[in-house]
Amino acid sequence: MKLSQELLNNLIEITSNSAIACYPYIGKNEKILADKAATDVMRDQLNKLNINGKVVIGEGELDEAPMLYIGEKLGNGEGPELDIAVDPVEGTNFVAKNLPGSMSVLAVAEKGNLFTAPETYMHKIASGNHIPKGSIDIDFTVEKNINIYSELTNKKKSEITVCILNRPRHKEIISELQRLNVNLKLINDGDVSGALLVSDRKFSVDIFMGIGGGPEGVIAAAALDSLGCNFQGRFLFKTAEDKNRAKEMGIRDLNKKYEINEIVKGESIFCATGITSGDLMNGVIKKNEKFITETIVTHNKKRLELIKKVVSLT
Ligand code: VTB
């Protein structure tokens, strides 16, 4: 394997520590401070690794520092060349308001294998690995996709659940799903987790759809790829600035529908540690002088693994 077990262990350590760095900010209504605490730890620890990494999915551009920005070099420059996607706090509102589902996330692939995405919206659709590739399509109507899913799984429409961000822009999709008598799982933020809920039937989510962050789409695709799940995305570039930025990043066809294997290629590692407890894993727990973290990990064609770590306070 090209991405080593040592790298995987290091990434688990890093997202655990960046989640722990957020712990004091849970419920403090200070999302910027929470994000900064996690970002500082993530950057600092990534820079100590024997890697020659570059951020391909980050938060903004250089002038928006101190965030980990697109193009930032990470590592001591002495190891493998890697593309790195960072989301030190996915769900900053959840941390600030002490709500379920925030996590600290990293995804890594070999250089050139992870899509460099600008910070813009993405229209996404995801389904589990029990659905044959190419069956459900972002360009089909909601009704057509639900009918296909229903036929493939022998589920009645009333037994199907769709996860979607609760946003005014989804008014029509949500009404259509209601008309079809499909169950909704309406999430307020955190659409990386939302997309991952299709990966295992125990989460009771059949399809994830709708418009969310583009970077979050790429990160979710990295995990879904390892799990053999389906994902398609199309960036939505609205302003002239967005469009120019996309062109600068090498995106020629601004309306292109991306298949999962165009977003993430080859081997990849996805690593997410819970900050506040959610559907996927528990959040950081402080017990005596120790922190207990839960991290979900995918590495190449391995199943979603849940790793518990105990970190002593120093
Ligand atoms: C989602 C969600 C993120 O942004 O991508 C969302 O996963 C999309 O943007 O947690 P809007 O909030 O503008 O709809 C977040 O909520 C925050 O980055």
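Preceding block: the structure.
Source: prediction; values computed, not measured.

Caption draft 1: Seen up close, the packing of helix 1 (residues 5-22) against helix 2 (residues 31-46). With their axes 8 Å apart at the nearest point, helix 1 and helix 2 run at an angle of 155° to one another. Taken together, the axes of helix 1 and helix 2 are roughly antiparallel relative to one another. When you trace helix 1 past helix 2, the crossing you get is right-handed. Taken together, the residues of helix 2 that come into contact with helix 1 (itself represented by Leu 11, Glu 13, Ile 14, Thr 15, Asn 17, Ser 18, Ala 21 and Cys 22) are Ala 34, Ala 37, Ala 38, Val 41, Met 42, Gln 45 and Leu 46. For the contact of helix 1 with helix 2, the per-class residue count stands at ten nonpolar, four polar and one charged.

Caption draft 2: Expanded view of the site of the ligand. Taken together, the residues surrounding the ligand are Glu 90, Tyr 121, Leu 165, Arg 167, Arg 169, Asp 189, Gly 190, Asp 191, Gly 212, Gly 213 and Glu 216. Interatomic distance of 2.7 Å between a side-chain N/O atom of Arg 167 and an oxygen atom of the ligand. Separating an oxygen atom of the ligand from a side-chain N or O atom of Arg 169 is a distance of 2.7 Å. In isolation the ligand offers 410 Å² of accessible surface; the protein chains occlude 74% of this area. Given that more than half its atoms are within 2 Å of the pocket grid, the ligand belongs to the largest pocket. Among the residues forming the shell around the ligand, the class breakdown is two nonpolar, three polar and six charged.

Caption draft 3: Just the environment of Asn 76, in detail. Assignment of secondary structure puts Asn 76 in the loop between strand 2 (73-74) and strand 3 (81-90). For the pair formed by Asn 76 and Glu 59, sequence separation is 17 residues and the distance between their alpha carbons is 21 Å. Discounting residues that sit within four places of it in the chain, Asn 76 has contacts with Asn 47, Leu 49, Asn 50 and Ile 51. For Asn 76, the side chain forms a polar contact with the side chain of Asn 50, separated by 2.6 Å.

Rules of the game
- Residues numbered from 1 in each chain as written.
- Predicted model: local features only at pLDDT ≥ 70, side-chain atom pairs only at ≥ 80, totals over all residues.
- Heavy atoms only, no water.
- Axes fitted to C-alpha atoms, helices over the stretch in contact; angles between N-to-C directions.
- Helix = DSSP H or I, 4+ residues; strand = E, 2+ residues; numbered from the N terminus.
- Parallel < 35°, antiparallel > 145°, perpendicular 65-115°, else oblique.
- Left-handed = near helix turned anticlockwise from the far one by under 90°.
- Contact = heavy atoms within 4.5 Å.
- Nonpolar A, V, L, I, M, F, W, Y, C, P; charged D, E, K, R; others polar.
- Near = heavy atom within 4 Å.
- Polar contact = N/O pair within 3.5 Å; in protein donor to acceptor, adjacent residues only side chain to side chain.
- Areas by Shrake-Rupley, 256 points an atom, 1.4 Å probe, with all protein chains shown as cover.
- 1 Å grid on protein atoms, 1.4 Å probe; cavity = no way out; pocket = protein on both sides within 12 Å on 5 of 7 lines; lining within 4 Å.
- Sits in = over half its atoms within 2 Å of the grid points.

Geometric values such as these leave the question of function open.
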